[in-house]
Amino acid sequence: MTRLALLRHGHTPWNRAGRIQGRTDIPLDDAARTDLGAKCLPPGWQDATVVASPLSRALDTAALVAGRAAQPIPALIEMDWGQWEGQHGADLRADPNAGFRDIEHWGWHYRPPDGESPDDVRARLLPWLATLQGDTVAVCHIGIMRVLMAMASGWNFDGPAPFRIKRNRLFVLHVTGQDLRAEPQPVPLEDRD
């Protein structure tokens, strides 16, 4: 069994503006850099392997919190939001012709126009999960975390998720092959001395 700790990247200007942020490489904002610079990995995780999405917001979050560069992992890149990339979710929700659905009503196979479904994301994550050896911290995106947490909890993207993904917390999964089990509570990052 391997422990995998998931950490969501810090805020970007698009996050704060409510824009859908998939693969566009939007950097962390200054407030996020300051906040993350005051945090570090909690006890038991300082010596873990640190990996991240290849997008700068994840790589920079990893470097700030872990104090070292993360290995970029292409499979951890954010879900592809297709034609909805960069748009405001509130605007899409208000447009009856957009076909927009909140992710809690997607199921595994719904996808944004020209984007990825949760099942597509799962398919690209499974080979990477099989390579894990030893404790690993993965700094990534909410779309990636939702898929992995769904796999661990049995949630099928239909109705409210049984978890709430917040920043500055490690969401710890125990990985045995393709079987994932989530620890009941996330582990907060520590304040740096």
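The structure reproduced in this document is the subject of the present report. (Residues numbered from 1 in each chain as written. Predicted model: local features only at pLDDT ≥ 70, side-chain atom pairs only at ≥ 80, totals over all residues. Heavy atoms only, no water.)

### Here's the deal with the packing of aromatic side chains
- All chains considered together, the criterion is met by eight aromatic pairs.
- Judged by centre distance (4.4 Å) and plane angle (35°), the rings of Trp 155 and Phe 157 are tilted.
- Of the residues examined, Trp 155 reaches a relative accessible area of 6% and is grouped as buried.
- Residue Phe 157 is classed as buried on the basis of its relative accessible area of 1%.
- Residues Trp 155 and Phe 163 carry aromatic rings whose centres are separated by 5.5 Å and whose planes lie at 90° to one another, so their mutual orientation is edge-to-face.
- These aromatic residues form a ring-pair network of at least three members: Trp 81, Trp 84, Phe 100, Trp 106 and Tyr 110.
- Its guanidinium or amino end placed over the ring of Trp 45, Arg 3 lies 4.0 Å from that ring's centre, counting from NZ or CZ. (Phe/Tyr/Trp six-rings, centres within 6.5 Å; stacked < 30°, edge-to-face > 60°. Buried < 20%, exposed > 50% of the residue type's maximum accessible area, 1.4 Å probe, protein only. Lys NZ or Arg CZ within 6 Å of the ring centre and 35° of its normal.)

### Focus on the packing of helix α2 (residues 30–37) against helix α3 (residues 56–66)
- Where α2 meets α3, the axes come as close as 8 Å, and the angle between the chain directions of the two elements is 30°. Considering the angle they form, α2 stands roughly parallel to α3. Contacts between α2 and α3 involve Arg 33, Leu 36 and Gly 37 from the former and Asp 60, Thr 61, Leu 64 and Val 65 from the latter.
- Grouping the constituent residues of the contact of α2 with α3 by class yields three nonpolar, two polar and two charged. (Axes fitted to C-alpha atoms, helices over the stretch in contact; angles between N-to-C directions. Helix = DSSP H or I, 4+ residues; strand = E, 2+ residues; numbered from the N terminus. Parallel < 35°, antiparallel > 145°, perpendicular 65-115°, else oblique. Contact = heavy atoms within 4.5 Å. Nonpolar A, V, L, I, M, F, W, Y, C, P; charged D, E, K, R; others polar.)

### Things to note about the state of the cysteines
- Using the criterion set out here, one finds zero disulfides in the structure.
- Looking at the unpaired Cys 40, the closest cysteine sulfur is the one in Cys 140, lying at 19 Å. (Disulfide = S-S within 2.5 Å.)

### Considering the pattern of salt bridges
- One pass over the structure, following the stated rule, counts nine salt bridges.
- Residues Asp 29 and Arg 16 are paired through a salt bridge, measuring 2.5 Å at the closest nitrogen-oxygen approach. You can see Asp 29 sitting in the loop between α1 (13–17) and α2 and its partner Arg 16 sitting in helix α1, a full 13 residues away along the chain.
- A residue is classified by how much of its surface remains accessible, and Arg 16, at 49% relative accessible area, is partly exposed.
- Between Glu 116 and Arg 23 there is a salt bridge whose closest N-O contact spans 3.1 Å. Note that Glu 116 is positioned in the loop between α4 (89–94) and α5 (118–129) and Arg 23 in the loop between α1 and α2, a separation of 93 residues in sequence.
- In this structure Glu 116 comes out as buried when scored by relative accessible area, which is 12%.
- When salt bridges with common partners are traced through the structure, they connect Arg 23, Glu 116 and Arg 124 into a single cluster. (Salt bridge = Lys/Arg side-chain N within 4 Å of Asp/Glu carboxyl O.)

### Considerations on the side chain of Arg 57
- In this structure, Arg 57 sits in helix α3.
- Buried Arg 57, no salt bridge; nearest opposite-charge side chain is Asp 25, N-O distance 4.6 Å.
- Looking at Arg 57, its side chain comes within polar contact range of the side chain of His 9, at 3.3 Å.
- Polar side-chain contacts of Arg 57 include one of 2.5 Å to the backbone oxygen of Gly 22.
- The contacts of Arg 57, once residues within four sequence positions are left out, are His 9, Thr 12, Gln 21, Gly 22, Thr 24, Asp 25, Ile 26, Leu 28, Glu 78 and His 141. (Lys, Arg positive; Asp, Glu negative; His and termini not counted. Polar contact = N/O pair within 3.5 Å; in protein donor to acceptor, adjacent residues only side chain to side chain.)

Remember, this is a structural readout, not a statement about activity or role.
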